[in-house]
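These are the residues of each chain, in order.
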Amino acid sequence: MKNKRDLILSAILLIVLFCVSWFVNGELDSYIRRIVNLCLIYAIIGLSMNVTNGFTGQFSLGQAGFMAIGAYTVGIFTVPVELRANVFYAVPMNPLIAGIQMPVWLALIVGGLLAALVAFLIGTPVLRLRGDYLAIATLGFSEIIRICITNASSFTNGALGIKDIPPLNDVRYIFVVTAITFAFIAALINSSYGRAFKAIREDEIAAEAMGINLYKHKCLAFMISAFFAGIGGGLYGALLGTVDPKNFLFTLTYNFLLIIVLGGMGSITGSMLGAVIVTAGLEYLRIFDEPLEIFGTMIPLFRPGLRMVMFSALLMACVLFWRHGIMGTREITWSKLIAFCKNPLGFFKRKGASQ
Amino acid sequence: MSSILKTNAVTMQFGGVTAVNNLELEINEHEIVALIGPNGAGKTTAFNMITGVYTPTKGTVVYTDKNGKECDITGMKLSEIAKIGIARTFQNIRLFKDLTVYENVIIAKHLHIKSDFMSAALHLPWYNAEQSKAEIEVEALLRKVDLWDMREEKASSLPYGKQRRLEIVRALATEPRLLLLDEPAAGMNPKETEELTSFIKEIRDEYNLTIFMIEHHMGLVMEISDRIYVLDFGETIAKGIPSEIQNNQRVIEAYLGVDEDA
C-alpha cells in the first residue's frame, strides 16, 4: 500500500515537473533554459557515476571517456549528410559511416551502448583492481579513449572536432531522458542487483560469501554507469552543438565527482541535488566576477576569477562539515517528506537523536 | 549417516611456512563438528581452504551435494561455494555495517532470486514474484530468530551478541546445508554464550544443517560437538568425541605445554 502511494506521488511529481519543463522551454529566456538543461544533463552523468562510485563502492574516474563516446556518436551520426563534407574538410569522412544518419534518440542509445561495450572491455582487466589503483587505471583509460578519438580523424574529424550538430536544447526532451534515467536507476537500486551492489560496497569478502559474483556485479555496475554516461555525454554534445576532444579532458570527470561528493555518495536524490547546486551555483556565483561598487568605492577583490575562489571555499566548508555530502547514503523519500510536513521541527530532532 | 564434506590430505603452504599439513576431515550430515587448537594452529586457514578463499597447495576438498553427488570443490570461488550450499561466518564480524538488519539478510537471498538483470531492474512480474517470495522467507527467518523487531536498525548499531547472531542468520538465508562458523562465541559474555549454544542446536534441527565450527570456548565445544578435531602447528593431533579429546595427552600438552621436569 505504501509502495502504491509512493508510485502515485512520484507519477504526479513527474507530471508536474514535466509541465514545469514545458513552461521553462516556452516562456523563459535562453540563459535560464541553458542552465536548466545543463543541470539535467549533469544530473544524469552524476547519477551514472554514483552507480559505480557510490553504490558499488568502486572508485572509478572514467566518466569523461564514456561521455566522449556518447557525444561523438551523437556528433557523427546526427550531422546531416549534406553538411558532412563541410565538417570533415581536412580528412574526408570514412565511407563506411559517411552515409549513415540517425535521429537523435537512436544516436543517444547507440552511444550509450557503445560506451557500455567499451566499459565491458576495459572492465575485464581494470575491475580486478581496488581503491586508488582502480581510480588511476580508469582515469588512464578515459584519456586513452580521448586520444583514440583525437587520432581517428576519418571517423571523428580529429582535433578539429565536429560542428553543425543539430542543436538539441528542448528542455522537455532532456527532462524526459533525465526522468527515465532516474526511474531506471532507482528501480535498479531497489532490486536484488542493487542490493548486491551495496553489499559489495560494504564488504567484498562477505558479499562473495553470500554467493555474489564480485567480478560479474562490478562489471554490470560499470557498464550501466558507462551507458548512462554515454547518454549524458550525447545530450551534452547535442546541447553544445559541437564536440571537440578538448571538451572531454579528464578534468571534466572531476565536475561529476564534485557533484556526487557534494550530493552524497550512494544517494539518488543526492545526485540530483548535487547537480543543481554545482551547476546553478557556478552560474549564480558570477556576481563575484563582476566589479562591485558600494557607496562609490570599488571593492577591490571583485574581478573575474573570484567566483572560483568562492566556490572552492564553499566546497571546502562542505567537505569539512558534511563529510558524507548533503544526503550521505540517505534518500529523500515520500514518507520522510510527509513526516517533515507534519512536524518540521520534530523531524530533524528525531533524526539527530538517532545518529 | 553419510559424509557431506571430506578433505583429502589438504596442505596449505605460505612460502616456507606450512600452515596446514595433510588435513583429513570427514564431516557427516547433521553433525556438529568442532575444530579446535591453540592460536596459529591453522584453523581459519583450514576454513579458508574449504570455502575457496585460499586454494590449497596440495590435496582436494570433496563436497556431497543435495542429490548425493560428490563434487570436487578445491579452489572453487567463494561465491560458487555459497551457491552449492556452504555458508560461513567470519572470525571478525563481517556484516554490511551501514545497511539495516533486514537488508543484510535479504542480500543473502540474491543467489536464490532467479532473474536476469534487466527484469530485476525493470521490476517485471516474474522478478516481483521471486522478490516477494524472498521477502516472505526473510520475514519468517527474522521472526524465528527474534530479530524482526530490529529489522530497521543499522547492523553496526546492534549489541555485539546480536551482531554475531545476525551474521549467522545472514548465512542461514543463503539456505546452506553446511554451515561453517568461525569462532561464533568470540568476545561473548557467559550469558550470550549460553544463548548461542542453544541457538546453534536449534538452527541445526530446524533447518537440518550440518555445522562445522572453530571455537575456543571449551564449555561450548564440549557441550554441543558430536566430534572434535584438534590442530596444532598445522598438524591434526587428535580427533574423536569430546570425552576422548578431554583426556587426550597430546591435546593437553598442546594447550598447557609439556612438563619439562617430568
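Everything below is about the structure printed above this text.
Keep in mind that what you see is a predicted model, and the values were worked out from it rather than measured. (Residues numbered from 1 in each chain as written. Chains lettered and ligands numbered in written order. Predicted model: local features only at pLDDT ≥ 70, side-chain atom pairs only at ≥ 80, totals over all residues.)

Enquirer: Can you tell me about the overall build of chain B, naming the residues and giving the values?
Expert: Helix and strand counts for chain B stand at 10 helices and 11 strands. Against the globule reference of 18 Å for 262 residues, chain B gives a C-alpha radius of gyration of 19 Å, in line with a compact fold. Seen along its three principal axes, the alpha-carbon backbone of chain B occupies a region of about 75 × 40 × 35 Å. Of the contacts formed within chain B by residues at least 6 apart in sequence, a portion of 66% connects residues at least 24 apart. (Helix = DSSP H or I, 4+ residues; strand = E, 2+ residues; numbered from the N terminus. Rg over C-alpha atoms; globule rule 2.2 N^0.38 Å. Contact = placed C-beta atoms within 7 Å.)

Enquirer: Requested: an account of the overall build of chain A, with residues and values cited.
Expert: When helices and strands are counted, chain A shows 17 helices and two strands. A globule of 355 residues ought to have a C-alpha radius of gyration of about 20 Å, and chain A, at 22 Å, matches this closely. With respect to the three principal axes, the spread of C-alpha positions in chain A is 70 × 65 × 40 Å. For chain A, the proportion of its 355 residues judged to be buried stands at 43%. (Buried ≥ 20, exposed ≤ 12 C-beta atoms within 10 Å, placed from the backbone.)

Enquirer: Before we move on, could you go through the sheet that holds strand β9 (residues 210–214) of chain B and cite the residues and values that matter?
Expert: Residues and elements named next belong to chain B. Across the sheet, which stays open at both edges, the six strands sit in the order β7-β8-β9-β4-β10-β11 with mixed pairing between neighbours. Every other strand in the sheet has two partners, leaving β7 (86–88) and β11 (235–240) as the edge strands with one partner each. The sheet shows a mean angle of 15° between the axes of neighbouring strands, direction not considered. Taken together, the three bridges between β7 and strand β8 (residues 178–182) define a ladder with parallel strand orientation. Following the sheet pairing, alanine 87 is matched in β8 by leucine 179. (Pairing = 2+ DSSP bridges. Axes fitted to C-alpha atoms, helices over the stretch in contact; angles between N-to-C directions.)

Enquirer: Go over the interface of chain A and chain B with me, naming the residues and quoting the values.
Expert: Interface size is commonly expressed as the accessible surface area that is lost when the partners come together. At the junction of the two partners, chain A supplies 23 residues and chain B supplies 26 residues. Where the side of chain A that touches chain B is concerned, the elements lending two or more residues are α9 (171–189), α10 (192–202), α11 (204–209) and α12 (214–240) of chain A. When residues in the side of chain A that touches chain B are grouped by element, the largest group, seven residues, is from α10 of chain A. Taken together, the residues that form the side of chain A that touches chain B break down as 13 nonpolar, five polar and five charged. (Nonpolar A, V, L, I, M, F, W, Y, C, P; charged D, E, K, R; others polar.)

Enquirer: Mind laying out the packing of helix α6 (residues 104–126) of chain A against helix α7 (residues 131–151) of chain A, listing which residues take part and the relevant values?
Expert: All names here are of chain A. Interhelical geometry of α6 versus α7 gives an angle of 145° and a closest axis separation of 11 Å. Crossing hand, α6 versus α7: right-handed. Taking contact as the criterion, the partners of Val118, Ile122 and Val126 in α6 are, on α7, Leu134, Ala137, Thr138, Phe141 and Ile145. Of the residues contributing to the contact of α6 with α7, the split by class is seven nonpolar, one polar and no charged. (Left-handed = near helix turned anticlockwise from the far one by under 90°.)

Enquirer: Now, about the packing of helix α2 (residues 30–55) of chain A against helix α14 (residues 268–284) of chain A: what can you tell me, with residues and values included?
Expert: Residue and element names in this part refer to chain A. α14 packs onto α2 with a crossing angle of 140° between their chain directions and a minimal axis gap of 8 Å. Here α2 is positioned oblique relative to α14, judged by the angle of their axes. The crossing of α2 and α14 is right-handed. Residues Ile35, Leu38, Cys39, Tyr42, Ala43, Gly46, Leu47 and Asn50 of α2 lie in contact with α14, whose contacting residues are Ile268, Ser271, Met272, Gly274, Ala275, Val276, Val278, Thr279, Ala280 and Glu283. Partitioning the contact of α2 with α14 into residue classes produces 12 nonpolar, five polar and one charged. (Parallel < 35°, antiparallel > 145°, perpendicular 65-115°, else oblique.)

Enquirer: Could you give an account of the pairing of strand β1 (residues 3–14) of chain B, with specific residues and numbers?
Expert: Residues and elements named next belong to chain B. Across three bridges, β1 lies against strand β3 (residues 26–28) in antiparallel orientation. Paired with lysine 6 across the strands is glutamate 26, a residue of β3. Inspection of the sheet shows β1 paired to strand β5 (residues 58–64) by five bridges, in the antiparallel sense. In the strand pairing of β5, leucine 5 is matched with tyrosine 63.

Enquirer: Requested: an account of unusual backbone geometry, with residues and values cited.
Expert: Positive phi values are uncommon outside glycine, yet asparagine 157 of chain A reaches one of about 65°. Of note, asparagine 157 of chain A is situated in the loop between α8 (153–156) and α9.

Enquirer: Quick rundown of the environment of alanine 11 of chain A? Include the residues and the values.
Expert: Locating alanine 11 of chain A in the fold gives a position in helix α1 (residues 2–27). Once the C-alpha coordinates of alanine 11 of chain A and methionine 298 of chain A are considered, the two residues, 287 residues apart in sequence, prove to be 51 Å apart.

Enquirer: Can you lay out the nonpolar core for me, pointing to particular residues and giving the numbers?
Expert: For soluble globular proteins, nonpolar side chains are generally found buried alongside one another. Counting 162 residues, the largest nonpolar core has Met67 and Ala226 of chain A as the members making the most contacts within it. Among all residues touching methionine 67 of chain A, those that are not within four sequence positions of it are Ile45, Ala229, Gly232, Gly233, Tyr236, Phe248 and Leu252 of chain A. (Core = buried A, V, L, I, M, F, W, Y, C linked by C-beta atoms within 7 Å.)

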